[in-house]
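Residue-level structure breakdown
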Amino acid sequence: MTTLINQNPIIYEASAGNSTREWRESDDNEDSADPIDAQEIFDLIRSISDPEHPLSLEQLNVAQRDHILVSDENSSVLVEFTPTIPHCSMATLIGLCIRVRLLRCLPSRFKVDISVRKGTHQSEHAVNKQLNDKERVAAALENSHLLEVVNQCLATAT
Amino acid sequence: MPRLEQLAVLQGHEDRVWCTAWHPTKPIMATCSGDKTVRIWQATNAQDPTKWQCINVLEGGHKRTIRSVAWSPDGRQLATGSFDATTGIWERDEEYGDDYECVATLEGHENETKSIAWSKSGALLATCSRDKSVWIWEVEEDNDFECLSVLQEHTQDVKMVAWHPTEELLASASYDDTIKIWKDDDDDWYCSDTLQGHDSTVWAIDFSPTGDQLVSASADQTLKIWKRFAPGNNMGIMTPRRGEPVWKCVATVAGQHDRCIYSVSWSKVHGLIASAGADNKIRLFEATDARPDAPGRLTEDQQRTMNEPGVLLEAMAVAEVQEAHGMSDINSVAWYPNQEHGEWLASGGDDGTVRIWRVVRD
């Protein structure tokens, strides 16, 4: 890539370690049901690499824990992400990476919606529509070149 | 009230099932999947619809997901539409066993073929694609298919094509949120109407038994029923294009599905509408005339001034199955096409299974 779309992104401090989740009493109790929460989803996606910077989605503030909505009971997850700049042409790719990561890690009962945080991208509607069209996502993942790019971004996800 | 009873769960596909298609006359079904195969299923004994077996697996014809499958009206051929941009035509080789072989490959779309449909007479085949186009093919002798027309008026992916049950009239549903009606004028195909009203992708369409109505299913979580008004209709609905009917929305079903609706099937036998989607539910509706005081029903004066028919039909929810494929999306529902087993419904889902249901009236 010759020119970066966002040459000087703001970098935020990433939390240390694998999980920023606070310890819960139920963590030590193996018998208790362990519902999936926003922190767990955030932990799955925060270390995904940005497609054009050697930085994580957390470091770029693209993914934020407070912008994730989870209902374990209804098996639903909504992830809103914030492109670094409103004309970011990588927005769809970032959303696809988040979707693939969750597709691979979450139990299949979960229905996942991915969208650009309201007001943070000039083609918000088009990006959201594409990211939530399962047929387009399925077709995209059969494109070996695209899948390779996605896998590269996911290689850093822990 | 009718209810749906599950008769059988057919396992074999190794990825999500995208489409289910009944043979026009026999208790046989073709299904296709992300596993790049088509499976043909047959009731082992037509008197016992709980026992099914996979009698054929069509492999190797496509390099990518097979998105849709459709039988020719005489049941002799099967068409497959794939993400590899091609359409396959398959025939059973009756001399050498019962295997199907690919006898033609239709090329032309730039990328994923999403849906295919044979006209009632079997003389025409329509295909559509993410390349925004609809192609009309003429079926010629010796498995030759000639492209008659490439229709490019949709502004986004075309998700599905469906032929009218008796006329040479085609409907297409699109990611551009519209449905278009296509007609032939001396081998010149043109768009005769564009149906606007859905707020998101229209995933599926199906005609009513007579073909005067059309049901559509959308990512906006609603179903709509559209009715054809001929020039000089007694509702006073204007038909701007000379001699050309118009299609108007006469019912909207909201609040019944709470995620994308991917499939809809209007029974040509008993008139029940089945719909299914990402909320894991199959729902059945009965379309009846709306009461004079139905919400959204316009007075005659309003009809005249707004030139809209308003709500003429009510689609009453008459049955539902929650978690019909467990917690998985349902991508396809299809009613059995004729009287013999008109009460059968097939469904295909992200769980990789195909299910057979029967509507029972207690």
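Figured I'd write up the structure that's included with this text. Quick caveat, the model's predicted, so the values are computed rather than measured. (Residues numbered from 1 in each chain as written. Chains lettered and ligands numbered in written order. Predicted model: local features only at pLDDT ≥ 70, side-chain atom pairs only at ≥ 80, totals over all residues. Heavy atoms only, no water.)

1. Notes on the overall build of chain B
Just so we agree on the cut-off: Only DSSP runs of H or I with at least four residues qualify as helices, and only runs of E with at least two residues qualify as strands; both kinds are numbered from the N terminus onward. Both definitions apply: the radius of gyration is a C-alpha atom measure, and the globule rule equals 2.2 Å times residues to the power 0.38. A 1.4 Å probe rolled over the protein chains alone gives each residue an accessible area, and that area as a share of the maximum for its type sets the label: buried under 20%, exposed over 50%, partly exposed in between.
Regarding its fold elements, chain B presents one helix and 29 strands. A globule of 362 residues ought to have a C-alpha radius of gyration of about 21 Å, and chain B, at 20 Å, matches this closely. Along the first, second and third principal axes, the C-alpha atoms of chain B reach 65 × 50 × 30 Å. Counting all 362 residues of chain B, 61% fall into the buried class.

2. Some details on the pattern of salt bridges
What counts here: Each reported salt bridge corresponds to a side-chain nitrogen of Lys or Arg within 4 Å of a carboxyl oxygen of Asp or Glu.
Summed over all chains, the structure comprises 35 salt bridges over all chains. Asp 329 of chain B is paired through a salt bridge with Lys 134 of chain A; the nearest N and O atoms lie 3.0 Å apart. A residue pair is termed interchain when its members come from two chains, as with Asp 329 of chain B in the loop between β26 (324-327) and β27 (330-335) and Lys 134 of chain A in helix α4 (residues 134-140). When salt bridges that share partners are traced, they join Asp 133, Glu 135 and Arg 136 of chain A together with Arg 67, Lys 114, Asp 157 and Lys 159 of chain B into one network.

3. Brief notes about the sheet that holds strand β23 (residues 273-277) of chain B
All names here are of chain B. Here is the rule we go by: At least two bridges found by DSSP between two strands are what make those strands a pair. Note on geometry: axes are C-alpha line fits, over the in-contact stretch for helices, and angles between N-to-C directions span 0 to 180 degrees.
The strand order across the open sheet formed by four strands is β22-β23-β24-β25, and the pairing between neighbours is antiparallel. The outermost strands of the open sheet, each flanked by one partner alone, are β22 (261-266) and β25 (313-321). Put simply, the sheet's adjacent strands are angled 25° from each other on average, direction ignored. Summarising the sheet, β23 and strand β24 (residues 282-289) pair through four bridges and their orientation is antiparallel. Among the inter-strand pairings, Ile 273 is bridged to a residue of β24, identified as Phe 285.

4. What about the environment of His 67 of chain A?
Among the secondary structure elements, His 67 of chain A is positioned in the loop between α1 (38-45) and β1 (68-71). By relative accessible area, which is 14% here, His 67 of chain A ends up buried.

5. Considering the interface of chain B and chain A
Rules: Any pair of residues with heavy atoms lying within 4.5 Å of one another is described as a contacting pair. Take the accessible area each of two parts loses on contact, using a 1.4 Å probe, and add the two losses: that sum is the buried area. Each polar contact in these results corresponds to two N or O atoms within 3.5 Å; when the atoms are within protein, one needs to be able to donate a hydrogen and the other to accept it, and residues that are neighboring in sequence are counted only if both atoms are side-chain atoms. Polar here means any residue other than Ala, Val, Leu, Ile, Met, Phe, Trp, Tyr, Cys and Pro, which are nonpolar, and Asp, Glu, Lys and Arg, which are charged; Gly is therefore polar.
Contact residues are listed per partner, giving 27 residues for chain B and 17 residues for chain A. Summed over both partners, the interface of chain B with chain A buries about 1700 Å², with 42% contributed by carbon and sulfur atoms. Looking only at chain B, the three residues that lose the most surface to chain A are Tyr 175, Arg 259 and Met 327 of chain B, adding up to 36% of its buried area. Seen at the junction of chain B and chain A, the total is 11 salt bridges. Here Asp 177 of chain B ties to Lys 129 of chain A by a salt bridge, and the two come within 2.6 Å at their closest N and O atoms. The interface formed by chain B and chain A includes 19 residue pairs in polar contact (both at pLDDT 80 or more). Residue composition of the side of chain B that touches chain A, by class: seven nonpolar, eight polar and 12 charged.

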